[in-house]
Amino acid sequence: MTAVRPDTAPKAAPEAAEFPTGFVWGAATAAYQVEGAAAEDGRTPSIWDTFSHTPGKVLGGDTGDIAADHYHRYRDDVALMKRLGLTAYRFSVSWPRVQPTGRGPAVERGLDFYRRLVDELLEAGIAPVATLYHWDLPQDLEDAGGWPQRVTAERFADYADIMARALGDRVTTWTTLNEPWCSAFLGYGSGVHAPGRTEPAAALRAAHHLNLAHGRATEVLRDRLPATAQISVTLNLHHVRPLTGSAADTDAARRIDAVGNRIFTGPMLHGAYPEDLIADTERLVDWSELVHDGDPAVISRPVDVLGVNYYTPTLVSTPVDGAGDSRDDGHGNSDHSPWPGSEHVAFHLAEGRERTAMNWAIDPDGLYELLMDVARDNPGLPLMVTENGAAFDDHVSPDGRVEDPERIEYLRGHLDAVRRAVAAGADVRGYFLWSLMDNFEWGYGYSKRFGAVYVDYATQRRIPKASAHWYADVIRRQRRMGALPEG
């Protein structure tokens, strides 16, 4: 791994006054990655429980059974968030914790955990931002076919209704789905994520039904929540660049933009699937059969905010000299492609770039360009950066500190990219660092650390890293300059 040298002094944080008044400063987690308590209080297995317990699926045989034990330590974790000065905490709800089979009535013990968490956040002056789905489909629903089956979208709408009734009086910002591209194409295409299926047609069907689930949930939330509630969806939009300016490489970028981005932004934000996407994938699915009358209208129900997750850009080309199997796309190793219809496209690592422990190129300009592109294509739609961060090989020093100058430099550069986008006219209203704390990093288990807070998994001790203190200082200066209320 190439990284910023530890002796490189991080530059100052962007001045708080350069961010808009009311800008949200947050951090994010996901239920399966942090909660633990996998079999407590009525919770049943999700697809990630099954996947992680399947030998060979997760590095080191790691599972989320305990994770960061947030289920039992949430009060201490909220107190830590308060000390860092966070104004918002983006968490996800474990679907099988509140509706174990994905059908029928809720389990009150499961709902009670989220009620307690939200109450604790509000008491600390931290706004709760609830995500309904961060990849933990109840295993019972997968056994019935999972996201490739249309009925799963209806089950999701029922689940959204349960959560709106339980927390709608206290949570004012809701996200339907987090990164549905990963759910569809890593879960059902390349198989590196749960449920581990490698079926290109099923991946495309899953994408449509996730879109439909978002639309149906949005309808339910609008009906159940106060008019002041904010409804959003979070997409990991790929900032795609062609390797060269050739027509062939430009078309490769178009193809990946279609199946990586516009398969969601098209129907969600513009009411239709792109014609080029349909042409690229028509050998795999019959879109006229898949998309029912009325689906586009449901999927395109307006949202109040679009969440944008960004870590690194995507560099692509057409195959050269038979190198069509080159796939440095940053999404895990598999003999199966997560790009149905465009399996031949080659992916590349950007040269001359420093990298994170994930081997992802560090490129803040990519975030600036992505935000500007999204703002241009969707005028009037407010944006939030709902995930941004980096994994590095963090260690506790003999005196008990965790120095992570590489992460500070990463965050500084990307916050500056957000600042530049705001100055250029993009309506970006907040930033959520990924992640609040080290956690279960999906197929990488506990081998990758994204947190601003170090977690000693043997003892569950939390140690704020230098980057956590740096981020807290950014927020303090925002407050000192009057853009945030004291308290």
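Above this text sits the structure in question.
Because the structure is a prediction, the values reported are computed rather than measured.

Engineer: What exactly am I supposed to notice about the layout of surface pockets here?
Structural biologist: Rolling a probe over the atoms, with the probe sized like a water molecule, indicates the empty space that remains. Empty space within the second largest pocket amounts to approximately 340 Å³. Residue lining of the second largest pocket: 18 residues in total, with Asp257, Asn261, Asp373, Val374 and Asp377 positioned closest to the centre. Mapped onto the lining of the second largest pocket, the elements with two or more residues apiece are helix H10 (247-270) and helix H14 (364-377). Sorting elements by how many residues they give to the lining of the second largest pocket places H10 first, with 7 residues.

Engineer: Help me out: how do you make sense of the sheet that holds strand S1 (residues 24-28) in this one?
Structural biologist: Whenever strands of a sheet pair, they do so through backbone hydrogen bonds, lying parallel or antiparallel. Spatial ordering of the closed barrel is given by S1-S2-S3-S4-S5-S7-S10-S11, a layout of 8 strands whose pairing is parallel. Strand-to-strand twist of the sheet, defined as the mean angle between neighbouring strand axes without regard to direction, takes the value 25 degrees. Sheet topology note: the strand S5 (residues 230-235)/strand S7 (residues 305-309) ladder contains 4 bridges and is parallel. In the strand pairing of S7, Thr234 is matched with Gly307. Where helix H5 (residues 108-123) meets the sheet, its contacts fall on strand S2 (88-92) and strand S3 (127-133), and the angle it forms with S2 comes to roughly 170 degrees.

Engineer: Got a minute to help me understand unusual backbone geometry in this structure?
Structural biologist: For residues that are not glycine, phi is negative in most cases, and the peptide bond is trans in most cases. Of note, the amide linkage connecting Ala194 to Pro195 takes the cis form, showing an omega dihedral of 5 degrees. Tracing the backbone through its elements, the reader meets Pro195 in the loop between helix H8 (180-186) and helix H9 (200-224). Residue Ser435 follows Trp434 across a cis peptide bond; omega there is 5 degrees. Considering the arrangement of structural elements, one finds Ser435 in the loop between strand S11 (428-434) and strand S12 (453-456).

Engineer: Just checking my understanding: could you explain the packing of aromatic side chains for this structure?
Structural biologist: Scanning the entire structure with this criterion turns up 33 aromatic pairs. Look at Tyr311 and Phe450: their rings are 6.0 Å apart centre to centre, the planes differ by 80 degrees, and that puts the pair in the edge-to-face class. In this pair, Tyr311 sits in the loop between S7 and strand S8 (314-317) while Phe450 sits in the loop between S11 and S12, placing the two residues 139 residues apart along the sequence. On the basis of an interplanar angle of 50 degrees and a centroid distance of 6.1 Å, the ring pair of Trp360 and Phe450 is categorised as tilted. Taken as a pair, Trp360 in the loop between strand S9 (346-348) and H14 and Phe450 in the loop between S11 and S12 lie far apart in primary sequence, 90 residues in all. For the pair formed by Trp360 and Phe450, the shared burial category is buried. Geometry around Tyr368 places Arg420 over its ring, the cationic atom sitting 4.8 Å from the centre. Above the ring of Tyr454, the side-chain terminus of Arg449 is found at 4.0 Å from the ring centroid.

Engineer: What is the right way to read the pattern of salt bridges from this model?
Structural biologist: Any two side chains of opposite charge can pair, given that their charged atoms come close. If you walk through the whole model with that rule in mind, you get 48 salt bridges. In this structure, the salt-bridge partner of Glu120 is Arg75, at a minimum N-O distance of 3.8 Å. Residue Glu120 is located in helix H5, and its partner Arg75 is located in helix H3 (residues 70-84); the two are separated by 45 residues in the primary sequence. Using a relative accessible area of 26% as the deciding quantity, one classes Glu120 as partly exposed. With a relative accessible area of 46%, Arg75 lands in the partly exposed category. Arg115 serves as the salt-bridge partner of Glu108, at 3.0 Å between the closest nitrogen and oxygen. Three or more residues joined by partner-sharing salt bridges are found here, namely Asp251, Arg254, Arg255, Asp257, Arg262, Asp276 and Asp280.

Engineer: Would you mind going over the sheet that holds S9 with me for this structure?
Structural biologist: Read across the sheet, 3 strands follow the order S6-S8-S9 without closing on themselves; strand pairing throughout is mixed. Each edge of the open sheet carries a strand with a single partner, namely strand S6 (240-242) and S9. Within the sheet, the average angular offset between the axes of one strand and its neighbour, ignoring direction, is 40 degrees. As judged from the 3 bridges shared by S6 and S8, these two strands associate in the parallel manner. Residue Val240 lies in a different strand from S8, and its bridge partner there is Thr314. Strands S6, S8 and S9 of the sheet are contacted by H10, whose axis makes an angle of about 165 degrees with S6.

What counts and how
Residues numbered from 1 in each chain as written. Predicted model: local features only at pLDDT ≥ 70, side-chain atom pairs only at ≥ 80, totals over all residues. Heavy atoms only, no water. 1 Å grid on protein atoms, 1.4 Å probe; cavity = no way out; pocket = protein on both sides within 12 Å on 5 of 7 lines; lining within 4 Å. Points joined across faces, edges and corners; volume = space filled by probe spheres on them. Helix = DSSP H or I, 4+ residues; strand = E, 2+ residues; numbered from the N terminus. Pairing = 2+ DSSP bridges. Axes fitted to C-alpha atoms, helices over the stretch in contact; angles between N-to-C directions. Contact = heavy atoms within 4.5 Å. Phe/Tyr/Trp six-rings, centres within 6.5 Å; stacked < 30°, edge-to-face > 60°. Buried < 20%, exposed > 50% of the residue type's maximum accessible area, 1.4 Å probe, protein only. Lys NZ or Arg CZ within 6 Å of the ring centre and 35° of its normal. Salt bridge = Lys/Arg side-chain N within 4 Å of Asp/Glu carboxyl O.

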